[in-house]
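Chains, contacts and geometry: an overview
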Amino acid sequence: KAPGSWTKTYAGLRESKDANVRRDATRLALIFNDPAALRALRADALNTKLSAAHRNESIRALVQKKATNLPNYLERLLDDKTVRRAAIKGLAFFNSPGTPDQLLKRYTEFDHAARMDALQTLASRKSWAGDLVAAMEKKRIPRRDVSSYTARQILSFDDQKLTARLERVWGQLN
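Below you will find a few notes about this structure. Per-chain numbering applies: the sequence of each chain, read as written, is numbered from 1 onward. Totals for whole chains, interfaces and linings use every residue, but because this is a predicted model, local features are given only for residues with pLDDT of at least 70 and side-chain atom pairs only at 80 or more, for both listing and counting. Heavy atoms from the whole structure form the basis of all side-chain values; hydrogens and water molecules are not counted.

Attention now goes to the side chain of Arg 55. Put simply, DSSP H or I for four residues or longer makes a helix, DSSP E for two residues or longer makes a strand, and each gets a number counted from the N terminus. Relative to the assigned elements, Arg 55 resides in helix H4 (residues 52-65). In the analysis that follows, any N or O atom pair within 3.5 Å is treated as a polar contact, provided that within protein one partner can donate a hydrogen and the other can accept it, and provided that, for residues neighboring in sequence, both atoms belong to side chains. Within the structure, Arg 55 has its side chain in polar contact with the side chain of Asp 80 (distance 2.4 Å).

So, in structure tokens, the structure goes:
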């Protein structure tokens, strides 16, 4: 539980000129479940004047904290090239039914690294893997984009129907 003076203390620490002090104060605020910290992290993630590293760190902290309504927030960040990869990776931690559609509809806009992150995220859950295979069946995702590692990840769900569909579009793995 936060000390009684925490709100005022945290507000002052957030204004520090020292980035390390600001970062550490926010980490401590997260331990105290301070809603101001969550608001600050969300604002920082959107703030294009901050460094890419700072913005991505803010997203990782929000994901780690499993902030409320985060999947919707992360989906909005998919259009921001600076934080896109952190948003994609963060979506893997939440079982949000809209994630596959959000990733697949933007897939062609992603650079190679973001595409690989999207494929790994889609292969992280059985139902999402089904959406990935369906996109391959419809030729929305080229077979060459799906690595053997990702294909094996899909096979690890040990679902005969999903395996058969994957093998039809990707081929067999030995």
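Another point: helix H9 (residues 126-137). The span you would expect from a helix comes to 1.5 Å times its residue count less one. Taking 1.5 Å per residue, twelve residues should reach 16 Å; H9 reaches 16 Å between its end C-alpha atoms and fits that length. To sort residues, take the accessible area from a 1.4 Å probe on protein chains only and compare it with the maximum for the residue type: under 20% means buried, over 50% means exposed, and anything in between is partly exposed. Looking only at H9, the buried set comprises Trp 128, Ala 129, Gly 130, Leu 132, Val 133, Ala 134, Ala 135 and Met 136. Note on contacts: a residue pair qualifies if any of its non-hydrogen atoms lie within 4.5 Å across the two residues. Contacts made by the buried residues of H9 are with helix H6 (84-91), helix H7 (99-106), helix H8 (112-122), helix H10 (148-155) and helix H11 (160-170). Looking at the residues trailing H9, positive phi occurs at Lys 139, about 65 degrees.

To continue, consider the nonpolar core. Most often, soluble globular proteins have nonpolar side chains that are buried together. Ile 59, Leu 70, Leu 74, Leu 103, Ile 141 and Ile 154 are the most contacted members of the largest nonpolar core, which has 47 residues in total. Among the elements that make up this core, the one with the highest residue count is H9 (six residues). Apart from residues no more than four positions distant in its own chain, Ile 154 is found in contact with Ala 123, Ala 129, Leu 132, Val 133, Leu 162 and Leu 166. To form a nonpolar core, buried Ala, Val, Leu, Ile, Met, Phe, Trp, Tyr and Cys residues must be joined to one another through side-chain atoms within 4.5 Å.

This next bit is on the pattern of salt bridges. In the sections that follow, a salt bridge refers to a side-chain nitrogen of Lys or Arg positioned within 4 Å of a carboxyl oxygen of Asp or Glu. Taken as a whole and judged by the stated rule, the model has ten salt bridges. For Asp 80, the salt bridge goes to Arg 55, with nearest N and O atoms at 2.4 Å. Here Asp 80 is found in the loop between helix H5 (70-76) and H6, whereas its partner Arg 55 is found in helix H4, with 25 residues between them in sequence. For Arg 55, a relative accessible area of 2% translates into the label buried. Between Arg 115 and Asp 145 there is a salt bridge, with its nearest N and O atoms 3.9 Å apart. Taken together, the positions of Arg 115 in helix H8 and Asp 145 in the loop between H9 and H10 put the pair 30 residues apart, joining distant regions of the chain. For Arg 115, a relative accessible area of 22% gives the class partly exposed. Given a relative accessible area of 12%, Asp 145 falls into the buried group. One network of salt bridges, with partners in common, ties together Arg 23, Asp 24, Arg 27 and Glu 57.

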